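Coordinate analysis (summary)
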Amino acid sequence: MQRVRLTPRSSSRKRDEILAKIIDYGLLGIVIFSPLPAASVYEWSILVIQLTVLVLVGAYLLMKEKPEINPYLSQTLKWPKYLFAGFFLFLFIQIVPLPKFIASLFSPSTSSFQNLFSPHFSNAKFMSLSLIPSHTFRAGMEILCYLLIGFLVVKTVTRSYQIKRLFSFLIIMGVLEAFYGFFELYRKNPRVLFYKKIYNLDSVTGTFVNRNHFSGYLEMIIPLAIGLIVARIDIFSSSGMKWREKIVHLAGRGVSTNLLITSGIVVMSLAILFSKSRSGAFLLVFSFILSFELIVLYFGRVKYRQQWTKNFLRITFFIITLISLYIGIGATIERFALDKLLQEGRPLYWSNMTAVIKDFPLFGTGLGTFASVYPAYEEVGLDGFLVHAHNDYLEYFSEIGVVGGILLLGGILFMAANSFLFWRGRRNPEVKGLAMGGLISVALMLIHSFSDFNLHIPANMVLFSVVLSLTSVVSFHRKS
């Protein structure tokens, strides 16, 4: 019997294949795991995600021949890479102890705040720009984890089947979350999977504690499902066909799967409405409108194509919206009627946050310090302890100032804007559909962040990082 010897080259290739599978399944594992333990808001679940990411990054570094990415994508990501690197350099400057006179020169309010609340500060010779460096370090490690997830997506999700598989898993997770939320809504003793459900007992929240965060999670997945349907049916290749030919054409594109995805969109839409999230209800309708407009504007280049597109999508989106609103309109109206925005504390929180930003304009109070700093600016006492500002932008700018905010938000917007600009000129129907879903998903989360703190919830940050990176990959993707 003849033995086959593995050459060093074939042995190295086999090892790279194993490492690539570890990264592939590891990313899918993070996507599946992150929303399950109450959206991973507890320290143990965050640690699990961080350790998993560490293993996956190690596997990527051990690969001898790494996957090749589109050179245009690599060139486009150069500026975001510089901005994110600058952001972590900024966090290092926030944490590192500086001579007191230098730190006071950069941020006079930091020195004043420490003098007021730290009894032994007058004897200190060094101080950090962050009021609580340990909190800044911990929050910085979390953001690094999310950026590394995006890095792994960009560097390893390079093939069509990987892209479609990741889209499919995200959609499946969204549908499962919706079904589970409805299941717990009608139970006598509802739970949030591993934990007893205490809050929002009259709302669908899935495995999330907060209805708005659950809504934010589904808001990012519904556009992906719409984009997948558009990519699958390639409605524009049927231009010029008769109606009977069009029906046969669409049936040949996997009509049963498309109907299944459409049903999933309806279920997720209903879950958002029954979550009684006001922002979710608004953004749900907005996502359908935005999808329709982008398809009409950037898919059909000829008038008769646009007319066929308008007719098809107008009927489809109208049916989905009508069914969703008809079943869930009662819960939505009840939420808007009983709990008006101006009667809540959010405008007061935001007003107080502007005072924090005014005192710490350039360097902020330190990433992760909001909950400790905010009580000092609160003029009217609250019933409970405010952990987040219910506005991601105000909270981030209060913690990292204008300098850090420009670096972090600039990197995100640069990626999204470049993906959109390149996407407009693409002709491949799969690329057009999938990337459109990702772009709308990112846009909805950035809008929702004006009224909530979704970007401080680990499960939603993991999803946002995956979707943003995946959108960049898809926009520039070309089949080899």
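The notes below deal with the structure included here. (Residues numbered from 1 in each chain as written. Predicted model: local features only at pLDDT ≥ 70, side-chain atom pairs only at ≥ 80, totals over all residues. Heavy atoms only, no water.)

When helices and strands are tallied, the protein shows 18 helices and four strands. Evaluated residue by residue, the protein yields a buried proportion of 52% over its 480 residues. Looking at the protein alone, contacts between residues at least 24 apart form 79% of all its contacts between residues at least 6 apart. Accessible surface, the protein: about 23400 Å² in total, of which carbon and sulfur atoms supply 66%. (Helix = DSSP H or I, 4+ residues; strand = E, 2+ residues; numbered from the N terminus. Buried < 20%, exposed > 50% of the residue type's maximum accessible area, 1.4 Å probe, protein only. Contact = heavy atoms within 4.5 Å. Areas by Shrake-Rupley, 256 points an atom, 1.4 Å probe, with all protein chains shown as cover.)

When its volume is computed, the second largest pocket comes out at roughly 880 Å³. What lines the second largest pocket is a set of 32 residues, and nearest its centre among them are Pro67, Glu68, Thr158, Arg159 and Gln162. Secondary structure elements with two or more residues in the lining of the second largest pocket: α1 (8-33), α3 (71-76), α7 (133-156) and α8 (160-185). In terms of residues, the lining of the second largest pocket owes the most to one element, α1, which gives eight residues. Here the residues of the lining of the second largest pocket are counted per class, giving 13 nonpolar, seven polar and twelve charged. (1 Å grid on protein atoms, 1.4 Å probe; cavity = no way out; pocket = protein on both sides within 12 Å on 5 of 7 lines; lining within 4 Å. Points joined across faces, edges and corners; volume = space filled by probe spheres on them. Nonpolar A, V, L, I, M, F, W, Y, C, P; charged D, E, K, R; others polar.)

On to unusual backbone geometry. Most peptide bonds take the trans form, and the phi angle of most residues other than glycine is negative. One non-glycine residue, Ala38, lies in positive phi territory at about 55°. In this structure, Lys276 takes a positive phi of about 65° despite not being glycine. Mapped onto the elements of the fold, Lys276 is located in the loop between α11 (255-274) and α12 (278-298). When its relative accessible area of 9% is taken as the criterion, Lys276 is described as buried.

Relative to the 26 Å expected for 18 residues at 1.5 Å per residue, helix α4 (residues 78-95) spans 26 Å between its end C-alpha atoms, a close match to the ideal helical length. Turning to α4, its buried residues are Pro80, Leu83, Phe84, Phe87, Phe90, Leu91 and Gln94. An end-on view of α4 places all buried positions within 110° of arc, on one side of the element. Across α4 from its buried face, at more than 90 degrees, point the exposed residues Lys81, Leu89 and Phe92. On the buried face of α4, the contacting elements are α3, α7 and α16 (392-423). (Expected span 1.5 Å × (residues − 1). Arc of directions from axis to C-beta.)

Using the criterion set out here, one finds five salt bridges in the structure. Here Glu43 ties to Arg138 by a salt bridge, and the two come within 3.4 Å at their closest N and O atoms. Taken together, the residues span a long stretch of sequence, with Glu43 in helix α2 (residues 43-62) and Arg138 in helix α7 at a distance of 95 residues. Judged by its relative accessible area of 61%, Glu43 falls in the exposed class. Put simply, Lys164 and Glu430 hold a salt bridge, and the shortest N to O gap is 2.9 Å. Here Glu430 lies in helix α17 (residues 429-448) and Lys164 lies in helix α8, a separation of 266 residues in the sequence. Note on Glu430: relative accessible area 25%, which makes it partly exposed. (Salt bridge = Lys/Arg side-chain N within 4 Å of Asp/Glu carboxyl O.)

Time to look at α7. Here α7 is 24 residues long and its end C-alpha atoms lie 34 Å apart, about the 34 Å a rise of 1.5 Å per residue gives. Of the positions making up α7, those classed as buried are Thr136, Ala139, Gly140, Ile143, Cys145, Tyr146, Ile149, Gly150, Leu152, Val153, Val154 and Thr156.

Our focus in this paragraph is the nonpolar core. With 114 residues, the main nonpolar core has Ile149 and Phe464 as its most contacted residues. It is helix α9 (residues 211-233) that contributes the most residues to this core, 14 residues altogether. What Phe464 contacts, discounting residues up to four positions off in sequence, is Met220, Ile412, Val442, Met445, Leu446 and Leu455. Listed in part, the 13 residues of the second largest apolar core include Met353, Phe360, Phe370 and Ala389. (Core = buried A, V, L, I, M, F, W, Y, C linked by side-chain atoms within 4.5 Å.)

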